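Read off the chains here:
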Amino acid sequence: MKFTIAVIPGDGIGPEVTNQAKKALNAVADTYNHVFLYKEAQMGACAIDETGNPLPEETLNICKKSDAILFGAIGDPKYDNNPTATVRPEQGLLRLRKELGLYCNVRPVKAYDQLIANSPLKEEIIKGTDIAIFRELTGGIYFGIKELSDDKQVAFDGCSYSVEEISRITHLAFQAAQNRRKKVTLVDKANVLETSRLWRKTVTEIAKKYKDVSLEFLFVDNAAMQMILNPKQFDVILTENLFGDIISDEASVIGGSIGLLASSSIGDKSALFEPIHGSFPQAKGKDVANPLASILSAAMLLEHLGLHEEAEAIERAVEKSLVLGITTEDIKNKSNFSASTSKVGDFIADYISNQEDSNLNFMNIHAGQSTII
Ligand SMILES: NC(=O)C1=CN([C@@H]2O[C@H](COP(=O)(O)OP(=O)(O)OC[C@H]3O[C@@H](n4cnc5c(N)ncnc54)[C@H](O)[C@@H]3O)[C@@H](O)[C@H]2O)C=CC1
Ligand SMILES: CC(C)CC(=O)C(=O)O
Ligand SMILES: [Mg+2]
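These notes cover the structure that comes with them. (Residues numbered from 1 in each chain as written. Chains lettered and ligands numbered in written order. Predicted model: local features only at pLDDT ≥ 70, side-chain atom pairs only at ≥ 80, totals over all residues. Heavy atoms only, no water.)

A short note on the sheet that holds strand S9 (residues 214-219)
What holds strands together in a sheet is hydrogen bonding between their backbones, with the strands either parallel or antiparallel. Taken in spatial order, the ten strands line up as S2-S1-S3-S12-S11-S4-S5-S10-S8-S9 in an open sheet, and their pairing is mixed. Bordering the open sheet on either side are strand S2 (35-40) and S9, each of which pairs with just one other strand. Strand after strand, the sheet turns through a mean of 25° between neighbouring axes, direction not considered. In this fold helix H8 (residues 194-207) packs onto strand S5 (130-136), strand S8 (183-188), S9 and strand S10 (236-239), with an angle of close to 170° to the strand it touches most, S9. Docked against the sheet, helix H9 (residues 220-229) engages S5, S8, S9 and S10, running at close to 105° with respect to S9. (Pairing = 2+ DSSP bridges. Helix = DSSP H or I, 4+ residues; strand = E, 2+ residues; numbered from the N terminus. Axes fitted to C-alpha atoms, helices over the stretch in contact; angles between N-to-C directions. Contact = heavy atoms within 4.5 Å.)

Things to note about the packing of aromatic side chains
In total, this model carries four aromatic pairs according to the counting rule given. Relative to Phe36, the ring of Phe3 lies with its centre 6.3 Å away and its plane at 40°, an arrangement referred to as tilted. One end of the pair, Phe3, is in strand S1 (residues 2-10); the other, Phe36, is in strand S2, with 33 residues separating them in the sequence. A residue is classified by how much of its surface remains accessible, and Phe36, at 8% relative accessible area, is buried. The cationic tip of Lys22 hangs over the ring face of Tyr38; the distance from NZ or CZ to the ring centre is 5.0 Å. Positioned over the ring face of Phe143 is Lys98, at 4.9 Å from the centre of the ring. (Phe/Tyr/Trp six-rings, centres within 6.5 Å; stacked < 30°, edge-to-face > 60°. Buried < 20%, exposed > 50% of the residue type's maximum accessible area, 1.4 Å probe, protein only. Lys NZ or Arg CZ within 6 Å of the ring centre and 35° of its normal.)

Examining the pairing of S8
In terms of residue burial, S8 counts as a mostly covered element, since six of its six residues are buried. Here S8 pairs with S10 via four bridges, running parallel. The residue bridging Val187 from the neighbouring strand is Thr239, located in S10.

Comments concerning the site of ligand 1
As a matter of local geometry, ligand 1 sits amid 20 residues, with Ile74, Asp80, Glu90, Gly278 and Phe280 nearest to it. Between ligand 1 and the protein, one listed contact pairs a nitrogen atom with a side-chain N or O atom of Glu274 at 3.0 Å. Between ligand 1 and Asn290, the relevant distance is 2.9 Å, taken from a nitrogen atom to a main-chain nitrogen or oxygen of the residue. Its residues placed into classes, the shell around ligand 1 shows nine nonpolar, six polar and five charged. (Near = heavy atom within 4 Å. Polar contact = N/O pair within 3.5 Å; in protein donor to acceptor, adjacent residues only side chain to side chain. Nonpolar A, V, L, I, M, F, W, Y, C, P; charged D, E, K, R; others polar.)

Details of the pattern of salt bridges
Using the criterion set out here, one finds 19 salt bridges in the structure. Ionic pairing is found between Arg95 and Glu57, a salt bridge with its closest N-O pair at 3.0 Å. Highlighted residues: Arg95 in helix H5 (residues 89-99) and Glu57 in helix H3 (residues 57-65), separated in sequence by 38 residues. The exposure class of Arg95 is partly exposed, given its relative accessible area of 28%. Its relative accessible area of 43% is what places Glu57 among the partly exposed residues. Salt-bridge contacts for Lys127 lead to Asp113; the nearest nitrogen and oxygen are separated by 3.4 Å. One end of the pair, Lys127, is in the loop between helix H6 (123-126) and S5; the other, Asp113, is in the loop between strand S4 (104-110) and H6, and 14 residues separate them in sequence. Beyond isolated ion pairs, a larger network of salt bridges with shared partners links Asp130, Arg180, Arg181 and Asp235. (Salt bridge = Lys/Arg side-chain N within 4 Å of Asp/Glu carboxyl O.)

Things to note about the nonpolar core
Phe36, Leu292, Leu302, Ile314 and Ile348 are the most contacted members of the largest nonpolar core, which totals 64 residues. Composition of this core by domain shows at least three residues from each of domain 1 (1-106 + 261-373) and domain 2 (120-255). Ignoring sequence-local partners within four residues, the contact set of Leu292 consists of Gly259, Leu260, Val318, Ser321, Leu322, Ile331, Val344 and Ile348. Within the second largest apolar cluster, 22 residues are counted, among which are Tyr103, Tyr161, Val184 and Val213. (Core = buried A, V, L, I, M, F, W, Y, C linked by side-chain atoms within 4.5 Å. Domains from an automatic or database assignment.)

Here's the deal with the site of ligand 2
What surrounds ligand 2 is the set Glu90, Leu94, Arg97, Arg107, Arg135, Asp245 and Ile276. For ligand 2, an oxygen atom lies 2.8 Å from a polar atom in the side chain of Arg97. Here ligand 2 has 290 Å² of accessible area as a free molecule, and 76% of this is covered by the chains. Of all the elements, H5 adds the most residues to the shell around ligand 2, at three residues. In terms of residue class, the shell around ligand 2 is built from two nonpolar, no polar and five charged. (Areas by Shrake-Rupley, 256 points an atom, 1.4 Å probe, with all protein chains shown as cover.)

Observations concerning the packing of H9 against helix H10 (residues 241-255)
Following both chains from N to C, one finds H9 and H10 inclined at 15°, their axes separated by 9 Å at the closest point. Comparing the axis directions of H9 and H10 gives the class roughly parallel. Along this stretch, H9 crosses H10, giving a crossing that reads as right-handed. Residues Val220, Ala224, Met227 and Ile228 of H9 lie in contact with H10, whose contacting residues are Phe243, Ile247, Glu250, Ala251 and Ile254. (Parallel < 35°, antiparallel > 145°, perpendicular 65-115°, else oblique. Left-handed = near helix turned anticlockwise from the far one by under 90°.)

This is the structure we're talking about:
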């Protein structure tokens, strides 16, 4: 089959990790006889440098015409360290999400058995953790009216949610729970925020239609604590934009590294796939960033295109890289061995193409080495 995939590498480590995801997709295309037509587009700091606009119209058009979008990350210290800059890389990503209506961001969190020792959390706490975070992505405080008083002494970020915005992601979260362990936890701050009270009321109503799914409520401050104390209590977490952003980075500690967490952002017409991490500027160009979040995002992309077997092939290759310890330094194994970003990508692509044979090639490279390959 033939698909058009918009590729937005972005800034920092975005291009490096996206390249590895493309290697995995190319291996899938060769192995399963598909054609992936990549349309590369700019967004973020690199787009500002080139065009003055963090989301050029051309990028938006390429995305609208594609079957799916693979995105790396945006962001650059020259903007992070300049709070008065009025044009910012993040505006590009936020506008893209809004323009494409990508309201449902799903962030799977799981504790891989091979990496349990890498987590600072105890094995008995994290072993078996399997959570799907459903984060609302086009509403809330990230999209509210922003103001700074004329004397620059007072700043304002508005937060609003409509019943419609809450309802559409709530249905998707409950449908996902029906195919999982049948539990939804709504994470909010309904003891304080009016928007959170609307979330509780709306979600409670919708829950009545899904009688096989139980609904629990947690205030976000408590949820942040429970994520560390007892993550196995969670199945599907449903939450608003800001809270979902924060608790998903926190949850990545369970998996051993944020460099492992992939995501899908789904709307009625478009779908985008990206790691949950940012542009990790300290690692830019060093070939050390973990590409697995990007590679697993490519697997989610294939799943979205209906290519289930192909998605599984990527997931199996990722599992194999973890079993063999062919991993970047953020999750290096006990032998202190770590592979570079590109070598991990090579292994994944090779394993998809050749399956069992690739073990041998990489076991040889792996044997007796303690430095980056
Ligand atoms: N979706 C996006 O494009 C996002 C962009 N950002 C932007 O990224 C820039 C940096 O933000 P930070 O807060 O430092 O977040 P970050 O996610 O880029 O990095 C935080 C830390 O996570 C670890 N990390 C991240 N990605 C990794 C990877 N692939 N492999 C191994 N370790 C990894 C590193 O220890 C790093 O110091 C900022 O400009 C920010 O606005 C932040 C989050 C999301
Ligand atoms: C960079 C922000 C716009 C968003 C973010 O941190 C995220 O989506 O994880
Ligand atoms: Mg984030």
